[in-house]
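Chain residues, written in single-letter form:
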Amino acid sequence: ARQGIPARGFLRDKRRFPLASADGIELVEGDITDAASVLRAMRGCTHVIHTAALTRQDEFPAAYYRVNVEGTHHVAAAARQCRVKRVVWVSTAN
């Protein structure tokens, strides 16, 4: 964003990141587990960096699956539909 490249952040609660919009990053609220909100946020994007994840599988196994497996599927499906040029997926060593 600081280099003049349009940037968009997809997050559950925009109020938790007040400085992002001041830095010129468009913020879109949604949930990685909701395919429609992922698609809505991705429209018009050419590149995606997917960093959403839960790291504690043992504490919340159902949520872990929804976020990490289904959420990543939503990102990939939306990227295909939006004809995104490149998706970078960031994972953990967990």
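Residues numbered from 1 in each chain as written. Predicted model: local features only at pLDDT ≥ 70, side-chain atom pairs only at ≥ 80, totals over all residues. Heavy atoms only, no water.

1. What about a nonpolar patch on the surface?
Phase 1 of the analysis: On the surface, a nonpolar cluster with roughly 260 Å² of combined accessible area is contributed by Ile49, Val88 and Val90.
Phase 2 of the analysis: Locating Ile49 in the fold gives a position in strand β3 (residues 47-50). (Patch = residues over 30% accessible without salt bridge, like charges linked within 9 Å, V, L, I, M, F, W, Y side chains within 5 Å. Areas by Shrake-Rupley, 256 points an atom, 1.4 Å probe, with all protein chains shown as cover. Salt bridge = Lys/Arg side-chain N within 4 Å of Asp/Glu carboxyl O. Helix = DSSP H or I, 4+ residues; strand = E, 2+ residues; numbered from the N terminus.)

2. Brief notes about the environment of Asp34
Phase 1 of the analysis: Mapped onto the elements of the fold, Asp34 is located in the loop between β2 (25-29) and α2 (35-42).
Phase 2 of the analysis: A C-alpha to C-alpha distance of 23 Å links Asp34 and Pro18, two positions 16 residues apart in sequence.

3. So, the confidence of the model for the protein chain
Phase 1 of the analysis: Of the residues in the protein chain, 93% reach a pLDDT of 70 or more, and the chain-wide mean stands at 88.
Phase 2 of the analysis: Predicted confidence in the protein chain is weakest over helix α1 (residues 18-22), with a mean pLDDT of 69, and strongest over α2, with 97. (pLDDT = per-residue confidence, 0-100.)

4. A few points about the packing of α2 against helix α3 (residues 61-81)
Phase 1 of the analysis: Between α2 and α3, the shortest axis-to-axis distance is 9 Å and the interhelical angle comes to 45°. Taken together, α2 and α3 sit at an angle that is classed as oblique. Considering how the two elements wind past one another, α2 and α3 form a crossing that is right-handed. Between α2 and α3, the residues in contact are Ala35, Val38, Leu39 and Met42 and His74, Val75, Ala78, Ala79 and Gln81, respectively.
Phase 2 of the analysis: Its residues assigned to classes, the contact of α2 with α3 shows 7 nonpolar, 2 polar and no charged. (Axes fitted to C-alpha atoms, helices over the stretch in contact; angles between N-to-C directions. Parallel < 35°, antiparallel > 145°, perpendicular 65-115°, else oblique. Left-handed = near helix turned anticlockwise from the far one by under 90°. Contact = heavy atoms within 4.5 Å. Nonpolar A, V, L, I, M, F, W, Y, C, P; charged D, E, K, R; others polar.)

5. Some thoughts on unusual backbone geometry
Phase 1 of the analysis: Unusually for a residue other than glycine, Arg83 sits at a positive phi of about 55°.
Phase 2 of the analysis: Along the chain, Arg83 falls in the loop between α3 and β4 (86-89).
Phase 3 of the analysis: For Arg83, a relative accessible area of 73% corresponds to the exposed category. (Buried < 20%, exposed > 50% of the residue type's maximum accessible area, 1.4 Å probe, protein only.)

6. Brief notes about α3
Phase 1 of the analysis: The terminal C-alpha atoms of α3 lie 29 Å apart, and with 21 residues this matches the ideal 30 Å at 1.5 Å per residue to within 8%.
Phase 2 of the analysis: Helix geometry: α3 is bent most strongly at Gly71, by close to 30°.
Phase 3 of the analysis: Residues of α3 that are buried sit in contact with α2, β3 and β4. (Expected span 1.5 Å × (residues − 1). Bend = angle between axes of the 7 residues up to and from the residue.)

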